[in-house]
Amino acid sequence: MLGALLPFLHVKLNLSLTQSGILAGALVFSSSLMQPAYGYLSDRFPHKLFVALGPAIAGVFICSMGIAPNFNTLLLLVILGGIGIAAFHPQGAAEISRFPNRRPGYQMSVFISGGMIGYALGPVYITSLITLVGLGHSYWAALPGVLMSSYLLLYGPSPRKTTQLSTNTRLREILRKKLRPILTLYLLVVIRSINQLVFVAFLPLYFTMRGYSEIRSAQFLTLFLLAGG
């Protein structure tokens, strides 16, 4: 939704392209780079609050960007929204892998594909809602996330405590044995993520500056993300 929101915020708050890039980078930092920390906390404190509250936290703060009065408030909302994203994914993926079924690969692929489809529909969803009710009421877009969090709190599975392994192998030793393939994969992911981030953050803004409407620009971004999904 951030990329689709930027054309509206660019007009309302007169954001520069540098500020738009900072917002996109802040979301990546708080949502992706912080995931190991939340994975660690989920292991130490196995409670479904991490995965259950994630959609509501992400939805409320990201969708409230339309009422932000300045860039600093936008930055704070983006970081807080990213925390919700980071809290959801490690525990969510772990729960999928533990689901009692003989097809864990298929279940994980559904989990990831579903997330990518939702990710792709986000630009059209938020832009359509803003077109209907106005940028100042963008927070209504958080309703599905709040409803999902309510459902997960009531009916979502509680994570099981991880059993202690009989052999305590240090993470450093494991990484040392697989350092070259891990670094290769890491480099490829970084390059891929940089390219995707640029498109997601700036594609709608680029098309609106070329004269396209906000809804059409959001449709272009949705097509781009659906192809990736």
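Because the structure is predicted, anything quoted here is derived from the model rather than measured. (Residues numbered from 1 in each chain as written. Predicted model: local features only at pLDDT ≥ 70, side-chain atom pairs only at ≥ 80, totals over all residues. Heavy atoms only, no water.)

A. The arrangement of the side chain of Ser 20 in detail. Following the sequence through the fold, Ser 20 ends up in helix α2 (residues 17-33). For Ser 20, a relative accessible area of 0% puts it in the buried group. With residues up to four places along the chain from it excluded, the contact list for Ser 20 reads Leu 6, Leu 15, Phe 202 and Leu 205. (Helix = DSSP H or I, 4+ residues; strand = E, 2+ residues; numbered from the N terminus. Buried < 20%, exposed > 50% of the residue type's maximum accessible area, 1.4 Å probe, protein only. Contact = heavy atoms within 4.5 Å.)

B. Representation of α2 in the model. Here α2 spans 23 Å end to end across 17 residues, near enough to the 24 Å set by a 1.5 Å rise per residue. Looking at α2, one finds that the buried residues are Ser 20, Leu 23, Ala 24, Ala 26, Leu 27, Ser 30 and Ser 31. The arc that holds the buried residues of α2, viewed along the axis, is 155°, so those residues lie on one side. For α2, the exposed residues lying more than 90 degrees away from the buried face are Thr 18 and Leu 33. (Expected span 1.5 Å × (residues − 1). Arc of directions from axis to C-beta.)

C. Broad picture of the packing of aromatic side chains. Taken as a whole, this structure holds eight aromatic pairs when the rule is applied. Ring geometry for Phe 207 versus Tyr 212: centroids 5.5 Å apart, planes at 90°, classification edge-to-face. Taking the relative accessible area as the measure of exposure, Phe 207 reaches 18% and is therefore buried. Judged by centre distance (5.5 Å) and plane angle (75°), the rings of Tyr 212 and Phe 220 are edge-to-face. For Tyr 212, a relative accessible area of 40% puts it in the partly exposed group. Classification of Phe 220 as partly exposed rests on a relative accessible area of 25%. Through successive ring pairs, a cluster of aromatic residues spans Tyr 206, Phe 207, Tyr 212 and Phe 220. (Phe/Tyr/Trp six-rings, centres within 6.5 Å; stacked < 30°, edge-to-face > 60°.)

Read these as geometric descriptors, not functional statements.
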